[in-house]
Amino acid sequence: MALRNLRFNDDKILRTKAKDVKEITPRILELLDDMSETMYKNNGIGLAAPQIGVLRRVITVDIGEGLIELLNPHIIEEKGVQKGLEGCLSLPKKSGYVERPEYIRVRGLNREGVSKEYEATGLLAVVFCHEIDHLNGVLFIDKATEVIEDEEIELNNEVEVN
Ligand code: ZN
């Protein structure tokens, strides 16, 4: 396992659509290991592969309920609306209020290539949506009603960092 460097701000890779994982190779498994390590070391609750410079549709999520790894994730159902403050490991010192679905169902593959489905509400739904947006080159600042730039914000404190 290795810590990878995060990509930040106007790095073009954050604006590039990632490609599906076609085959689960040792390199993909290494990517998954490195992503969770990088997410945890940076006190994140979610990470998408483009954030470490890899244009593959891979996300890791852990809101404190255990690690979820998903390849080629997509939202198959969404309901309701919630609005909350979000931050992003790739956009230090920025936060903003973003509308997300209150409930989603997400489907993808786990590291064994087995299809997995998750039902998510609240924060978990937010994180899935935020990370899947990253795979499409979309950042929370694109959707936020107001972006707050604050030198004083502690990223791992009040704001949910993905
Ligand atoms: Zn993010």
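Above: the structure in question.
This one's a predicted model, so the numbers in the text were calculated from it and none came from an experiment. (Residues numbered from 1 in each chain as written. Predicted model: local features only at pLDDT ≥ 70, side-chain atom pairs only at ≥ 80, totals over all residues. Heavy atoms only, no water.)

### Thoughts on the nonpolar core
Part 1: Core analysis: the biggest nonpolar cluster contains 17 residues, and Ile-59, Val-61, Ile-104 and Phe-128 have the highest contact counts within it.
Part 2: Elements that contribute at least two residues to this core include exactly β2 (58–61), β3 (68–79), β6 (103–109) and α2 (122–135).
Part 3: With 7 residues, α2 is the largest single contributor of residues to this core.
Part 4: Those residues within four positions of Phe-128 in sequence are excluded, and the remaining contacts are Ile-59, Val-61, Ile-68, Leu-70, Ile-104, Val-106, Tyr-118 and Ala-120. (Core = buried A, V, L, I, M, F, W, Y, C linked by side-chain atoms within 4.5 Å. Buried < 20%, exposed > 50% of the residue type's maximum accessible area, 1.4 Å probe, protein only. Helix = DSSP H or I, 4+ residues; strand = E, 2+ residues; numbered from the N terminus. Contact = heavy atoms within 4.5 Å.)

### Regarding the pairing of β3
Part 1: Alignment of β2 against β3, held across 4 bridges, turns out to be antiparallel. Its bridge partner lying in β3, Val-61 is registered against Ile-68.
Part 2: Where β2 hands over to β3, the hairpin turn is made up of 6 residues, of which Gly-64 adopts a positive phi near 100°.
Part 3: As judged from the 6 bridges shared by β3 and β6, these two strands associate in the antiparallel manner. Opposite Leu-71, over in β6, you have Leu-109 as the bridge partner. (Pairing = 2+ DSSP bridges.)

### Re the coordination of the zinc ion
Part 1: Protein ligation of the zinc ion involves Cys-88 (SG), His-130 (NE2), His-134 (NE2) and Asn-162 (O), the donor distances falling in the range 2.0 to 2.7 Å.
Part 2: Accessibility expressed as a relative area gives 0% for Asn-162, which makes it buried. (Donors = N, O, S within 2.8 Å, 3.2 Å for Na, K, Ca; no water.)

### Side note on the pattern of salt bridges
Part 1: Counted according to the given criterion, the structure contains 15 salt bridges.
Part 2: A salt bridge links Asp-142 to Arg-15, with the nearest nitrogen and oxygen atoms 2.7 Å apart. Of this pair, Asp-142 sits in helix α3 (residues 140–143) while Arg-15 is found in the segment before α1 (26–41), placing the two residues 127 residues apart along the sequence.
Part 3: Take Asp-142: its relative accessible area is 43%, and that puts it in the partly exposed class. (Salt bridge = Lys/Arg side-chain N within 4 Å of Asp/Glu carboxyl O.)

### Looking at the sheet that holds strand β5 (residues 94–100)
Part 1: An order of β8-β5-β4-β9 is seen for the 4 strands of this open sheet, with the pairing classed as mixed. Looking at the sheet topology across the chains shown, the edges are occupied by β8 (147–149) and β9 (160–161).
Part 2: Note that β5 and β8 share 3 bridges and pair antiparallel. Across the sheet, the residue bridging to Gly-96 is Val-147, located in β8.
Part 3: Of the strands in this sheet, β4 (82–87), β5 and β9 touch α2, which is tilted by about 60° from β4. (Axes fitted to C-alpha atoms, helices over the stretch in contact; angles between N-to-C directions.)

### Overview of a positive patch on the surface
Part 1: Judged by side-chain charge, Lys-19, Lys-22, Arg-27 and Arg-56 come together as a positively charged surface patch.
Part 2: Within the secondary structure, Arg-56 sits in the loop between β1 (46–48) and β2.
Part 3: By relative accessible area, Arg-56 is classed as partly exposed at 32%. (Patch = residues over 30% accessible without salt bridge, like charges linked within 9 Å, V, L, I, M, F, W, Y side chains within 5 Å. Areas by Shrake-Rupley, 256 points an atom, 1.4 Å probe, with all protein chains shown as cover. Lys, Arg positive; Asp, Glu negative; His and termini not counted. Charge placed at Lys NZ, Arg CZ, Asp CG, Glu CD.)

### Considerations on the state of the cysteines
Part 1: Within the structure shown, the criterion is met by 0 disulfides.
Part 2: Take Cys-129: it sits in no disulfide, and the sulfur closest to it among the cysteines is that of Cys-88, at 14 Å.
Part 3: Relative accessible area serves as the criterion here: at 5%, Cys-129 is assigned to the buried category. (Disulfide = S-S within 2.5 Å.)

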